[in-house]
Amino acid sequence: MATKPYLLLVAIFILLLSFAPLNVSAETPHCGEEITSCHNKAEALKIKYIAIASILVMSMIGVCFPVYSNKVKALQPDTNLFVIVKAFASGVILATGYMHVLPDSFNDLASQCLPQKPWRNFPFTTFVAMLSAVVCMMIDSFSMSRYRKSFLRATGNGVVMKIEEGINTKEEQLMRYRVVAKVLETGIVVHSVVIGLSMGSSQNPCTIRPLIAAICFHQLFEGMGLGGCILQAEFKSKMKLIMVFFFSCTTPFGIGLGIALNSVYSDNSPNSLIVEGLLNACSAGLLNYMALVDLLAADFMGSKLQGNMKLQVWSYIAVLLGAGGMSVMAIWA
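Predicted model, so just to flag it, every value in this text is computed and none were measured.

Cut-off values and rules
- Residues numbered from 1 in each chain as written.
- Predicted model: local features only at pLDDT ≥ 70, side-chain atom pairs only at ≥ 80, totals over all residues.
- Heavy atoms only, no water.
- Helix = DSSP H or I, 4+ residues; strand = E, 2+ residues; numbered from the N terminus.
- Buried < 20%, exposed > 50% of the residue type's maximum accessible area, 1.4 Å probe, protein only.
- Contact = heavy atoms within 4.5 Å.
- Areas by Shrake-Rupley, 256 points an atom, 1.4 Å probe, with all protein chains shown as cover.
- Core = buried A, V, L, I, M, F, W, Y, C linked by side-chain atoms within 4.5 Å.
- Expected span 1.5 Å × (residues − 1).
- Arc of directions from axis to C-beta.
- Polar contact = N/O pair within 3.5 Å; in protein donor to acceptor, adjacent residues only side chain to side chain.
- Axes fitted to C-alpha atoms, helices over the stretch in contact; angles between N-to-C directions.
- Parallel < 35°, antiparallel > 145°, perpendicular 65-115°, else oblique.
- Left-handed = near helix turned anticlockwise from the far one by under 90°.
- Nonpolar A, V, L, I, M, F, W, Y, C, P; charged D, E, K, R; others polar.
- Phe/Tyr/Trp six-rings, centres within 6.5 Å; stacked < 30°, edge-to-face > 60°.

Student: Account for the overall build of the protein, with residues named and values stated.
Tutor: If you tally the helices and strands in the protein, you get twelve helices and zero strands. Ordered by position from N to C terminus, the α and β elements of the protein give α-α-α-α-α-α-α-α-α-α-α-α. When burial is assessed residue by residue, the protein has 47% of its 333 residues classed as buried. Long-range pairs, those at least 24 residues apart, make up 86% of the contacts in the protein between residues at least 6 apart in sequence. By element, 68% of the accessible surface of the protein is carried by carbon and sulfur atoms, the whole surface being about 16,300 Å².

Shown next, in the form of structure tokens:
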């Protein structure tokens, strides 16, 4: 079950790549790497090393804070404070999809460096994002259907009637939390590798410096959202460590990969634009669906918030603050 979201997304991505034109080497004269007054390879490399350490630390703090905060009574999943913090982090994830990942995909796939046909004649970004959202819904639906069937075979008629009437058991809710956590991490990991690769391949210190602060903020609060999902999923320690490791290390890994591939990788090459654009579109659809359906809608339509209007208002304020803060970060990243 843990690998199915990853395999489905990889399959969709390979299918989409099969539509890529064979002739993407016809670059315009301005499609190579731009040399500016701030172009300094040695200085950029130093800043990238600082970025790797800073982003790794902030990512670990963000994702570990909710995961290991269950020992603090005020931050346990059933408290009002946890609900508000999770709403803030969900707003960050929502804005990440709409304000960062989706525009990046539009910029990549609408670039003048790509052939007019088919890339600028068809809205691939929204098409792939739509497919990605549908795949997320399929994963949610099939996972819960599979769980219900296996659960019904192991229970009596009384429990069967309750489930058929729509009364969720604790085990069913736990299963849903686990699906949400795994699929959400898939979208975050895809996006994190792409932004890390872009930073690692850049030779412009003036661009990298503000990106470090923006990405650290992004990773901190996005990690809190993911960490809250991991905590609610009640994974065993081994799975928690695996998920924390992948979230914390994917952006630094992307930066390292960009440094290693610097001699052959260019942000503005047609192949790079296509791959990054499709990955970003896939990630955007996944993040937007997860934020709206599995995080925000699930919480706001749940009994806890529906029964407490004051908490609901504060949660909406938290969502707007998280989304607003992440939207402001779009100025720099």
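Student: Explain the nonpolar core residue by residue, including any values.
Tutor: Grouped together as the largest cluster of nonpolar side chains are 53 residues, with contacts concentrated most on Val183, Leu184, Leu226, Ile230 and Met290. Of all the secondary-structure elements, those providing two or more residues to this core are α2 (41-67), α3 (80-109), α5 (124-153), α7 (170-201), α8 (205-233), α9 (237-260), α10 (270-300) and α12 (309-329). Not counting chain neighbours up to four residues away, the residues in contact with Met290 comprise Val180, Val183, Leu184 and Leu295. Counting twelve residues, the second largest nonpolar core, distinct from the first, contains Ile47, Ile208, Leu211 and Ile215.

Student: Any details on unusual backbone geometry? Residues and values, ideally.
Tutor: A cis amide bond links Lys117 to the next residue, Pro118, at an omega of 5°. In this structure, Pro118 sits in helix α4 (residues 116-120).

Student: Quick rundown of the environment of Phe235? Include the residues and the values.
Tutor: The residue Phe235 is located in the loop between α8 and α9 in this model. Its relative accessible area of 9% is what places Phe235 among the buried residues. In this structure, the C-alpha to C-alpha distance between Phe235 and Tyr177, residues 58 residues apart in sequence, is 9.8 Å.

Student: Break down α12 for me, citing the residues and quoting the values.
Tutor: The terminal C-alpha atoms of α12 lie 30 Å apart, and with 21 residues this matches the ideal 30 Å at 1.5 Å per residue to within 8%. Among the residues of α12, those classed as buried are Leu311, Gln312, Ser315, Ala318, Val319, Gly322, Ala323, Met326 and Met329. Projected down its long axis, α12 carries its buried residues within an arc of 120°, all on one side. Set apart from the buried face of α12 by more than 90 degrees, the exposed residues are Met309, Lys310, Leu320 and Leu321. Contact partners of the buried residues in α12: α3, α8, α10 and α11 (303-306). For α12, the N-terminal cap is Asn308; the gap from its side-chain oxygen to the backbone nitrogen of Lys310 is 3.3 Å.

Student: Quick one: what's the story with the packing of α2 against α9, residue by residue and with numbers?
Tutor: In the contact formed by α2 and α9, the axes pass within 9 Å of each other and the chain directions differ by 165°. Judged on the interaxial angle alone, α9 and α2 are roughly antiparallel. Where α2 crosses over α9, the two elements pack in a sense that is right-handed. On the side of α2, the interface is formed by Leu45, Lys48, Tyr49, Ala51, Ile52, Ile55, Leu56, Ser59, Met60, Val63, Cys64 and Val67, while α9 contributes Lys240, Val244, Phe247, Ser248, Cys249, Thr251, Pro252, Ile255, Gly256 and Ile259. Considered class by class, the residues forming the contact of α2 with α9 number 16 nonpolar, four polar and two charged.

Student: For the packing of aromatic side chains, give the residues involved together with the corresponding values.
Tutor: With the rule as written, the count across this model stands at seven aromatic pairs. An angle of 70° between the planes, with centres 4.9 Å apart, marks the rings of Phe88 and Phe221 as edge-to-face. Here Phe221 lies in helix α8 and Phe88 lies in helix α3, a separation of 133 residues in the sequence. One exposure class covers both Phe88 and Phe221, and it is buried. A centroid spacing of 4.8 Å and a plane angle of 55° characterise the contact between Phe217 and Phe221, whose relative ring orientation is tilted. Taken together, the positions of Phe217 and Phe221, both in helix α8 and four residues apart, correspond to about one turn of that helix. An aromatic cluster of three or more residues is present, and its members are Trp119, Phe122, Phe124 and Phe127.

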